[in-house]
Amino acid sequence: MSIQKEEDARYKVDVFVYGATPGGIGAALGAARRGRRTLLAEPTGHFGGLMTSGLGRTDILSLEASGAVFREFAGKVYRYYADTYGEDSEQAKACNQGLFFEPSVAHRVLTEMVEQEPLLEIIMQWELEAVEWEAEEQAAAEAGVVESCSAESDAVKQKAKEPKPDMEPETLEANEAGPGTINRAEQASTAASAVKLTGVLLRRRADEGSGGHFVADMAESLERTARKTVRAGMFIDATYEGDLAAMAGVPWHSGRESRDEWNEEYAGKLYMDFAASKEVFSGSTGEGDERIQAYNFRLCLTQRPEIRIPFRKPESYCREDYASLAGDVAVGRVRSICDVMNMLPVPNGKTDCNNHHYCMCSTDLPEENQEYADGDAAVRAAFVQRQRDYIQGLLWFLQNDEAPPAEFREEALTWGYAGDEFAEHGHFPPQIYVREARRIEGEYTFTENDARVAPGLERAPVHPESIAIGDYPIDSHATRKREAAGRDRALEGFLGLGWLTKVYQIPYGVIVPKRVDGLLVPVAVSATHMGFGTIRMEPCWMQLGFAAGVAGDLCLAEGTTPRKLPVDALQLELLAANQRITYFADIPWGHPARAAAEYFGTKGLFTSYEARLDDPLQAAEASRWIAAARLLPGGRALPSLPATDRLLPAGADMGPRLPREEPPPEEQWRERPHLPSWLAGRWHRAACRALGAGDDAGGWATTLGDERRPVTRGEFCALLYSLLAGQRQQASAVSSGAQWRR
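Residues numbered from 1 in each chain as written. Predicted model: local features only at pLDDT ≥ 70, side-chain atom pairs only at ≥ 80, totals over all residues. Heavy atoms only, no water.

Caption draft 1: Summary view of the overall build of the protein. Looking only at helices and strands, one finds 21 helices and 22 strands in the protein. Per-residue burial for the protein yields a buried fraction of 58% across its 742 residues. By sequence separation, contacts in the protein at least 24 residues apart represent 76% of the contacts at least 6 residues apart. As displayed, the protein offers around 28600 Å² of accessible surface, 49% of which is attributable to carbon and sulfur atoms. (Helix = DSSP H or I, 4+ residues; strand = E, 2+ residues; numbered from the N terminus. Buried < 20%, exposed > 50% of the residue type's maximum accessible area, 1.4 Å probe, protein only. Contact = heavy atoms within 4.5 Å. Areas by Shrake-Rupley, 256 points an atom, 1.4 Å probe, with all protein chains shown as cover.)

Encoded structure:
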């Protein structure tokens, strides 16, 4: 089996992933597919996060902005519908290339993906109780323990603890005296010097039954105890809340920054009409605060009578929560249930039902989630129940309250829960939509400006360490309930910047936390509230998780920490696995130079979303590309282009000739600016010799031949990429030792 059982029943794995969200699944797949023994632990009984809990309209504008595991997932979703119902079926069309799906289909596909990995084990209903770390400046045996809150604690609490005298230094166990509370300043002092995470203590959730499933070996063993220690070479926190990172002492933020803090135009307090005008109302001062955008549940509803399950009135029903809707109905702002909830269709006559952007009282519950992010289990459970009851009460109100007219209620009564979804949870989704909670402090902070057009460019800012891309408008849900300042058109904090947001690169530094090594955080990433407003989408998180899994493998292979990992090596491996790290509007997925262009797109060689790979390359641009490549790993020895296209091969007689009477080469380049393919081939031979790669590594000179045609931008881009990749593969034990399992 993949988990090595130690004599004292502790467990040792290569990579430990906490949180079976899409980001966690992506991370686990990334590590396991590279030969790493991987354990994925989920604190609840739910697998797949929001993608299997009602969010069936994935928040990505185009499949072309995705790669690696999310693209694989979407392809499998499409194949399911096409194989089950036919290529020309309504279901196959409605799934939108696999981007739209029923929750049960998402669960089926994700389960199939993880069950294909023999090195991946998954345990459910095991939550984090404590972590073990060692100070990097001390001896390896000098370990510390940082403890989490228990269900009885008032908040997430942390405390560094010395081992008991009767404990082995590396033994991890709970502190019987209970955790102490420290404030942010004390936390910063505690973690001022870097520590390395080495182990976690898990405890079985008593409220959700026993043990896990998916793989029997470890689950059956864990059944025999309430706590287990897991040690690993690399840890990945893929929870929506950033719980592992917080417990380990990673500094973090929540709430909203002001406009001044990161120079973000729409940061802080804002009243914006979500309609097309995007009018900003008075009172939008841009001041920062601790407010957190609203959460909800994404419902799977239907109007199909044969599977429709009636809504039920919750025991805690409070009509006052929804009374303002009566006035909205009376004046015509709300005309049907579809004006209260955004019914987004998915296959088989079901919906991904979300909060409605234009309704002042929908499924979101602003203000009441303020304590969730840093709350203990009891605080979180209480809010989840409140959010569930609130939505169930809203559904009951829309169908039964006498304030809306009869025709309104009759139309609402045509809706119900989808009877073949979430049956074990009363047909209500199990996972609350935590849009934002903690955000770590990482090596890079992603802001609103990183997802908008960069000044002087025709694309979003270039990030040399990009590991993924994102494509969804910056948005935020409300942070305040209805108030007069919103003029019945806006809830404070609700915004959407679709007309400004562009496809963007995501740098590696956002998943690398400060102060703690051996840990990557691909979900609760380092970003401002505004920057997080676009990264926080499941396709993004799944791809960042995948990158974290690959990075974890490379760190283990090279014996380094995530902070010191050569990101170029990571980019090579990600591109080999079809991850996207740069977006171009004019490069089809199957283009032979796509990976090369995406790599150099992170280095600033392209200033717009058009690479024009099939256009002829000018010699001047080729010279600039070579100069840029010399600054990259493996490129230092690259020679210059031949200064002239009059170059003759050895053995050819140059005379008779009067070179002083000929036009100078620079004038010829102006008249014939494009680089001929034969000259590119000659340069490539010289480059191979300079790099110690033989006379024609990769056969490029042979491919280009002696033709007089210009070399294309794509050909030369791919040529440069192959030279650099070859150098790094020769020099790096990481790249030479890591092989993808196909």
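Okay, back to it.
Caption draft 2: Representation of the pattern of salt bridges in the model. Tallying each qualifying case throughout the model produces 55 salt bridges. With a shortest N-O distance of 2.4 Å, Arg 34 and Asp 553 are connected by a salt bridge. A residue pair is termed long-range when its members are at least 10 positions apart, and Arg 34 in the loop between α1 (22–32) and β3 (38–42) and Asp 553 in helix α13 (residues 538–558) qualify at 519 residues. By relative accessible area, which is 3% here, Asp 553 ends up buried. Across the pair Arg 319 and Asp 401 runs a salt bridge whose closest N-O atoms are separated by 2.6 Å. One end of the pair, Arg 319, is in the loop between β12 (308–309) and α9 (324–331); the other, Asp 401, is in the loop between α10 (377–400) and α11 (406–412), and 82 residues separate them in sequence. Residue Asp 401 is classed as buried on the basis of its relative accessible area, which comes to 12%. (Salt bridge = Lys/Arg side-chain N within 4 Å of Asp/Glu carboxyl O.)

Caption draft 3: Representation of the confidence of the model for the protein. The predicted model of the protein averages 88 in pLDDT, with 85% of residues at 70 or higher. With pLDDT under 50 throughout, residues 138–192 is counted as low confidence; its partners more than four residues away or in other chains account for 117 contacts. (pLDDT = per-residue confidence, 0-100.)

Caption draft 4: Expanded view of the packing of α1 against α13. At a minimum axis distance of 6 Å, the contact between α1 and α13 shows a crossing angle of 30°. In terms of their interaxial angle, α1 and α13 are classed as roughly parallel. With respect to the hand of their crossing, α1 and α13 are arranged in right-handed fashion. Between α1 and α13, the contacting residues are Pro 22, Gly 23, Gly 26, Ala 27, Gly 30 and Ala 31 on the first element and Glu 538, Trp 541, Met 542, Gly 545, Phe 546, Gly 549 and Val 550 on the second. Among the residues making up the contact of α1 with α13, the classes are represented as seven nonpolar, five polar and one charged. (Axes fitted to C-alpha atoms, helices over the stretch in contact; angles between N-to-C directions. Parallel < 35°, antiparallel > 145°, perpendicular 65-115°, else oblique. Left-handed = near helix turned anticlockwise from the far one by under 90°. Nonpolar A, V, L, I, M, F, W, Y, C, P; charged D, E, K, R; others polar.)

Caption draft 5: Representation of a negative patch on the surface. There is a patch of like negative charges on the surface, built from Glu 458, Asp 586, Glu 610 and Asp 614. You can see Asp 586 is positioned in the loop between α14 (567–576) and α15 (594–601). (Patch = residues over 30% accessible without salt bridge, like charges linked within 9 Å, V, L, I, M, F, W, Y side chains within 5 Å. Lys, Arg positive; Asp, Glu negative; His and termini not counted. Charge placed at Lys NZ, Arg CZ, Asp CG, Glu CD.)

Caption draft 6: Inspection of the nonpolar core at higher detail. Counting residues in each nonpolar core, the largest one holds 125 residues, and the members touching the most others are Phe 73, Leu 325, Met 341, Leu 398, Tyr 508 and Ile 511. No other element matches the eleven residues that α13 contributes to this core. The residues touching Tyr 508, leaving out its near neighbours within four places in the chain, are Glu 465, Ile 467, Leu 520, Ala 551, Pro 562, Leu 565, Val 567 and Leu 570. Ala 595, Ala 619, Phe 716 and Leu 720 belong to the second-largest nonpolar core, a separate cluster that totals 43 residues. (Core = buried A, V, L, I, M, F, W, Y, C linked by side-chain atoms within 4.5 Å.)

Caption draft 7: Region of interest: the pairing of strand β13 (residues 341–346). Burial analysis of β13 places five of its six residues in the buried class, the great majority of the element. Examined bridge by bridge, β13 and strand β14 (residues 350–355) share six bridges and lie antiparallel to one another. By the bridge assignment, Leu 344 is partnered in β14 with Asp 352. The loop that links β13 with its antiparallel partner β14 comprises three residues; one of these, Asn 348, has a positive phi angle of about 65°. (Pairing = 2+ DSSP bridges.)

Caption draft 8: Inspection of the side chain of Asp 645 at higher detail. Positionally, Asp 645 belongs in the loop between α16 (619–630) and α17 (665–671). Here Arg 672 takes part through its side chain, which lies 3.1 Å from a polar atom of the side chain of Asp 645. Ignoring sequence-local partners within four residues, the contact set of Asp 645 consists of Gln 668, Trp 669, Arg 672, Trp 678 and Leu 679. (Polar contact = N/O pair within 3.5 Å; in protein donor to acceptor, adjacent residues only side chain to side chain.)

Caption draft 9: How the structure looks around the packing of α14 against α15. At a minimum axis separation of 10 Å, α14 and α15 run at an interaxial angle of 150°. Taken together, α14 and α15 sit at an angle that is classed as roughly antiparallel. As α14 runs across α15, the sense of the crossing is right-handed. Note on element contacts: α15 touches α14 through Ala 595, Glu 598 and Tyr 599, opposite Asp 568, Gln 571 and Leu 575. Of the residues in the contact of α14 with α15, the class split is three nonpolar, one polar and two charged.

Caption draft 10: View of the environment of Leu 202. Tracing the sequence through the fold places Leu 202 in strand β8 (residues 195–204). Residues Leu 202 and Val 230, spaced 28 residues apart in sequence, show a C-alpha to C-alpha distance of 7.6 Å. Once residues within four sequence positions are removed from consideration, Leu 202 is found in contact with Phe 16, Ala 41, Ile 123, Trp 126, Glu 127, Leu 128, Ala 226, Arg 227, Lys 228 and Val 230.

Caption draft 11: Expanded view of the environment of Arg 435. Structurally, Arg 435 is set in the loop between β15 (416–418) and β16 (439–440). Among the residues examined, Arg 435 registers a relative accessible area of 1% and is labelled buried. For the pair Arg 435 and Ala 294, spaced 141 residues apart in sequence, the C-alpha to C-alpha distance is 7.4 Å. In this structure, Arg 435 is in contact with Gln 293, Ala 294, Tyr 295, Asn 296, Asn 354, Asn 355, Asp 364, His 477, Phe 532, Arg 536 and Trp 541, ignoring residues within four places of it in sequence. Of the polar contacts made by the side chain of Arg 435, one reaches the backbone oxygen of Ala 294; its length is 2.7 Å.

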